[in-house]
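Geometric and topological summary
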Amino acid sequence: IRRVRPMEFSIPVAAGDDLLSPSKSRYVVRNVFDPHELPDKLAAAREDFKHDGPLAVLQSFDLFFSVIKHFNQLERTVKDEAWQTLVEATGSLYVELTNILDSELSHHTRQQHCNAIKMLCYLVTQFMLCSQREGSKPDQMLTGKSAGRGRKAQRPTGGSDSTAWEGTCIRGLYSLMHLLELEIHRLWDPPIPEENFVNCVTSCCYKLMESPILARDRESRQSIFQVLGIAVQKYNHGIGAVVKVIQLVQNFEHLVTPLAEGVQFFAVSCGIKNIVSETIREIGSMDPNDLSRDTSGTRSLSQFLCELGERVPALILPTISSLMPHLDGENYSFRNSVLVVLGEMVGQVLSRESMDENGKATREQLLDRLQQHIHDINAFVRSKALQIWLKLFRGHVVPLSRQHQLIPLVVGRLHDKSSNVRRHAIQFLSAALCGNPYSSKLSLSDLEDDLQKAQDKLRDLRNSEDQSSSQECQSPMQQGDTTTSDKEIQQHQILVTYLKDSVKFVRHLESAVPVVCQLLGSKTVSDVLEAINFFVTCHEFGISTARDGVRKMLVLVWSQEVAVKEALTAAYKTLYLTQSADAQRHQAATVADNLISLTSDLTLGELASLEELMCLFMRNKDIPRAVIQCLWERFSANCRDDDTTRKSRSAILLLGMIAGEDGEVVKCNLDVLASSGLRQREETKLDLKKAKLVCIALQKIVKTEKVKPGLLPPPPFRLPQNHTIVECLQHLILSTMCDVDCTEWMPFTEQAVKTIYKLSEHPDIVCDHLVHSMAHTLSSQLVTNEEISTLIDELRVAEPLAQSSQDPSACDVPILPTPPEPCAAGVTDLSFLLARFLTVVGQIAVCQLVHLDVVVYKELKRRQEVVEREKDLEREKEKEAKKKKRRSKRRSSASAKEHDDRTSLAEEIGLEGAAAEDTEAEMIRHICESETVTGHNLLSVMRPLIVTICAKPSRYPDGCLRMAATLALARFMTVSSEFCDAHLQLLFTILEKSTEAVIRSNTIIVLGDMTVRFPNLVEPWTPHLYARLTDESDDVRKNTLIVLTRLILNDMLKVKGQISEIAVCVEDRNSHIRNLARLFFHELSHKGNSIYNILPDIISQLSDPDRALPQQHFIAIMKYLMSFVQKDKQSESLIEKLCHRIRAAKSDRQGSDLAFCLTQLSYTERGLRKLQENFACYCDKLASDDIYTHLMTIMGKVKKFAKPEVKAVIDELEKSINDCHLKGLEEDVTAQRAAQTAKKARAKRRVTGKTPLRRISPEPGESDDEFDLPKRRELRSRSEGQKSSCKTRKAVIEDDSDMELQSPGSDSLFVDKPNGEVSHGGDDYRENINPNVRSAKSKGKSGQKRTQRIAAT
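What counts, and at which threshold
Residues numbered from 1 in each chain as written. Predicted model: local features only at pLDDT ≥ 70, side-chain atom pairs only at ≥ 80, totals over all residues. Heavy atoms only, no water. Helix = DSSP H or I, 4+ residues; strand = E, 2+ residues; numbered from the N terminus. Buried < 20%, exposed > 50% of the residue type's maximum accessible area, 1.4 Å probe, protein only. Contact = heavy atoms within 4.5 Å. Axes fitted to C-alpha atoms, helices over the stretch in contact; angles between N-to-C directions. Left-handed = near helix turned anticlockwise from the far one by under 90°. Nonpolar A, V, L, I, M, F, W, Y, C, P; charged D, E, K, R; others polar. Phe/Tyr/Trp six-rings, centres within 6.5 Å; stacked < 30°, edge-to-face > 60°. Lys NZ or Arg CZ within 6 Å of the ring centre and 35° of its normal. Core = buried A, V, L, I, M, F, W, Y, C linked by side-chain atoms within 4.5 Å. Salt bridge = Lys/Arg side-chain N within 4 Å of Asp/Glu carboxyl O.

**Topic: the overall build of the protein**
Each helix and strand in the protein was counted, giving 57 helices and 2 strands. Within the protein, the fraction of its 1353 residues that count as buried is 46%. Considering only residue pairs separated by 6 or more positions, the protein has 75% of its internal contacts joining residues 24 or more positions apart.

**Quick look at unusual backbone geometry**
For the peptide bond that leads from aspartate 189 to proline 190, omega is -5°, which places it in the cis range. Tracing the backbone through its elements, the reader meets proline 190 in the loop between helix H5 (160–181) and helix H6 (195–209). Positive phi, close to 60°, is recorded for aspartate 1051, a residue that is not glycine. With a relative accessible area of 60%, aspartate 1051 lands in the exposed category.

**With respect to the environment of leucine 568**
If you trace the backbone, leucine 568 turns up in helix H24 (residues 562–577). Sequence separation between leucine 568 and isoleucine 532 is 36 residues, and the spatial gap between their C-alpha atoms is 6.9 Å. Here leucine 568 is in contact with Ile532, Met553, Leu554, Leu556 and Val557, once residues within four sequence places are set aside.

**A closer look at the packing of helix H41 (residues 959–975) against helix H42 (residues 977–993)**
One way to put it is that H41 packs onto H42 with a least axis distance of 8 Å and a crossing angle of 145°. Handedness of the crossing formed by H41 with H42: left-handed. Residues Thr966, Leu969, Ala970, Phe972, Met973 and Val975 of H41 touch H42, and the partners they reach there are Ser977, Phe979, Cys980, His983, Leu984, Leu986, Leu987 and Ile990. Residues belonging to the contact of H41 with H42 are distributed by class as follows: 11 nonpolar, 3 polar and no charged.

**Considering the packing of aromatic side chains**
What the rule picks out here adds up to 25 aromatic pairs. Ring geometry for tryptophan 83 against phenylalanine 127: centres 5.0 Å apart, planes inclined by 25°, an arrangement best described as stacked. Placement of the pair is tryptophan 83 in helix H3 (residues 76–100) and phenylalanine 127 in helix H4 (residues 107–135), with a sequence separation of 44 residues. Residue tryptophan 83 is classed as buried on the basis of its relative accessible area, which comes to 5%. Each residue in the set Phe9, Tyr27, Phe61, Phe65 and Tyr122 is aromatic and connected to the rest through ring pairs, giving one cluster. Over the ring of phenylalanine 635 we find lysine 690; its NZ or CZ atom is 4.8 Å from the centre of that ring. Stacked on the ring of tyrosine 1120, the Lys or Arg arginine 1078 has its end atom at 4.6 Å from the ring centre.

**Some remarks on the nonpolar core**
Ranked by size, the top nonpolar core spans 377 residues in total, and within it Phe837, Met1010 and Phe1081 carry the most contacts. The element contributing the most residues to this core is helix H36 (residues 830–888), with 14 residues. Once residues lying within four places of it in the same chain are set aside, the contact partners of phenylalanine 1081 are Ile1062, Ala1063, Val1066, Ile1091, Ile1094, Ile1098, Tyr1120, Leu1121 and Phe1124.

**Remarks on the pattern of salt bridges**
Two side chains bearing opposite charge may form a pair once their charged atoms approach each other closely. Under the defined criterion, the tally for this structure stands at 49 salt bridges. Taken together, the shared-partner salt bridges in this structure form one network comprising Glu992, Arg1000, Arg1028 and Asp1031.

What follows is the structure, given as structure tokens:
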């Protein structure tokens, strides 16, 4: 090793290779040792350091430079030995400098120590960088050998390499920090360290920060920040640090948080506060255009700015003006970061109460900017602005005056198209309600009353003050009273202001309730969840309109989203089942009252949803038994006033809902139900509404539960015929039959009959008893009516109801009961009693059908299964006995063996059980067809009377009677296909021509059930079902739409061209019908390609000029329907079909409608080429401005997202469209001029009196003023040997049927039946409904051709 030369050591700027370049003025590395020489050299150098101290580095620099040069080729032990020597030398140098820096140093000593510092710092930093490069290699990230094929790569586990590297860096950084803390600038002349020295240290720190491993380690970060802090504080590295920090943030995303922490460390711990302002100025001076181009760097910079705003907002405040221009920049993420900084400054700095006026003015300016960006053009910025406001509101730093401006703006954001904006808007409103400064109960009506009282009081005080001030002389006592009055007036003024603000606040929140109610039906789960939380909060604070939202929340119990269902259950549990009362009894009573209040004013749909919710509560055991007991107490209480009656009804309603999950709740309290619900108490009025609810609760006892495989189903629960419940139901029906004031008699009776059939043993016998008793009442009251007398006589000799389904043991029950008590005097109205009688009869028919088809059939199957089980046991016993015999005697006859084999084969394949099931099913079907409403039994006796009332409305004008008769007729038809086929024409005639909307509405509902039971019979009449969609009554249209949509969605009705009538309902005048139609198409869109398949027919029907559908309705309907076309292939096919239909358009309006449909499709490259290929189909229509506009709209939409190779196709097609449009306009002008010329020529011929040589006289309808195109030939309907005089005729549908309907001119509606049924005259309903189905007998070749032509038209 050579001796020291008095040369200055210069740290290289770029790379270490500069030290190898020859130079006379600076230190140069002379010897670069080979790797195999280094271990011995390092041992000798270590001895030199022990002998000469840290200045030995001046002699050994070449050796350590060689170590760094060959770093990757050396073994770990060699590198560790070199590193240990450098660290110890650095420590020794620190100790030595500590002792000598305070004394006077010679030039030679300063130069030696200065070179030693620079050499050691250079070697230490280079060694750390080499260690980082080696530690960050992929092969070093594994803890063992590299994973081979088929092995999983191991993640770094903090093993030896990574730990040693981190330890190396930390030791080196601490060594540098100790050196830099000293006054080492005294070693330089002048006493300013050169920039290369500082950059050598700081560049190493920045380079180390690029490693994610070191950036995550807290100790490593702190040591780096300490070194950089000393460099900034003592070595003028401030500007360089700012620039480098921003560069690192833009290039390395993982350094956002660490560098923000470093800047905070510089400003707070190191006291370098100006570094924050310099950083903000540097960021603010960036070009917004550059920020918008570099998206990843800008995103990291935005996050860094947000971190700084959260950590040191007070230091950013003086330079915030440099960031304000970026609020108008294009990059939304940077706008978000600036808004976050503004929010942090307001929340942490400008929220103190002791602020001066300047601080308040600054706060208002910042809040103004935040408020402006609630309506930012970008949804992410709007969302971020609302988040900031939400944070400020929760921190209680928003001034009260600002809240009144802010809440209306946030309510407006509930309509935002972005779900994130809507979600944060709802969260803000909930937070505003929770943090309101007014009251815990914000009922608007109560606040308005208090405000009115306070204003009246204030007015009185002011009047009294004016009267007292009018007196000139006042005593000292009166002056004291005046002072007190002034204070009281001021207090009341404050109170009035407070109440005004409260009312204003509540009104703003109530304006948001309808919008949040709509969000309950949103497809976005976050909207629904936040809406639920909002209504829970509003309900807790007593917002009156929140009840509407709580009720609409019930429908969400059917949601398929688990999160929504759980949130709904938790919300209702919080609102109605959670109470803070101490006593358990009081808590149960409160919960019961809450549930009772929930049931008031609910619709049928909401009641069904509430029932499902109650079942969920019972399933989760959220309703304690004490609450159920309180409900029973509310139910059985004496109903002496309206409030008690309402609570009693609600209690039994809730108990019935609970019984849907746990039937024992009702089953164990049958006596309570009979005594409190089905009997009249003393001093209380009989309540049939309550009795109806009791019947519904009783029906919940019988549940259809799935039986586990291998187990027998339990026998059905049945009450004896003489049970109290059954007797009370019969008594109630009969005793109230003649009561005119009982408006709830029919609904109660329907439920009572259902209850009898579900719970009673032999319900058909009980209903025989009931019908005969009611018939006796009719006979006793209406003895003068011949039809009723005949009916009574036939009932006495009629067979019992469904005799074949009864057990022999039940035949002893008498059919005719003891006559009931006579009705009240004056009740002699035939229509009133007969309507009630027919209601019961129709309900019995339907219940008998359900009883036979479900209950009896299941019971027969159960008994058959029991018998089969017993037979199996007997066979097993016989086999065991035969086995014992065979062991003792091993001989058997061949015939017996063959017989056993056949028997076992039949048993194995189950022929016996299948045959038995077929026999049972056939028997049930035969009973329903021939022995229930047909034949000679109880119900069939009343059939002629029902048909007579329905067919003769003039003879029976009472609307209630005809409604009951029509419903009974439809129910009879539901039972038997024979009876249905015979009277289907009558029912559709009633549906068409009945003047009562309620009859039409009921009929369409029953026809839906009839379609499910007898689809082949009702199918030819389908057009008449669709015809009711144009009924004048909203209820009829609504019920028709519900029936048709359910039939279609359940695949019970074929989708044909009539579905366009449902499409028209999308723009119905009734909002409920509009919503139902939209819901139908939404559900239909989930069934494959259903919407796509029906769209061509819908477009053809709605665009037909003969239909004359308003254009705005057509546009709205097609916009909605076209939104369901999502697949590219479907769009391409529709483009081609629509182009061909434009060619056949009959009018410009139809062509314009079809072109509008084209604009609603999405266009791919193939779709655009389809449009180009079919250009000949619509080129002649482009003279129309509407069609041209629609096609140009398509071109503009396609241009936005077109690829470069597609733009040539677009330009070519656009040019062709423009050319044809201009050409068409010129042809129109030419045609108009030709028409004017011809008109002048004709006028000239008339003046001159000349007649053309041959002039064809015009047809009667032809115009003589212009050239008319030849008219389309009208279709004429002909029959054999006869021409029809009608100009128009309904189109014949394509389905075949054997039904031959009578013409409107026939003499009578019904033909006399050979079995003695009633024959009716033709004075009522002569013009019957024609299902437009031809008879098969009258169809010849000519008829088929005419059918095809009409259908094609």
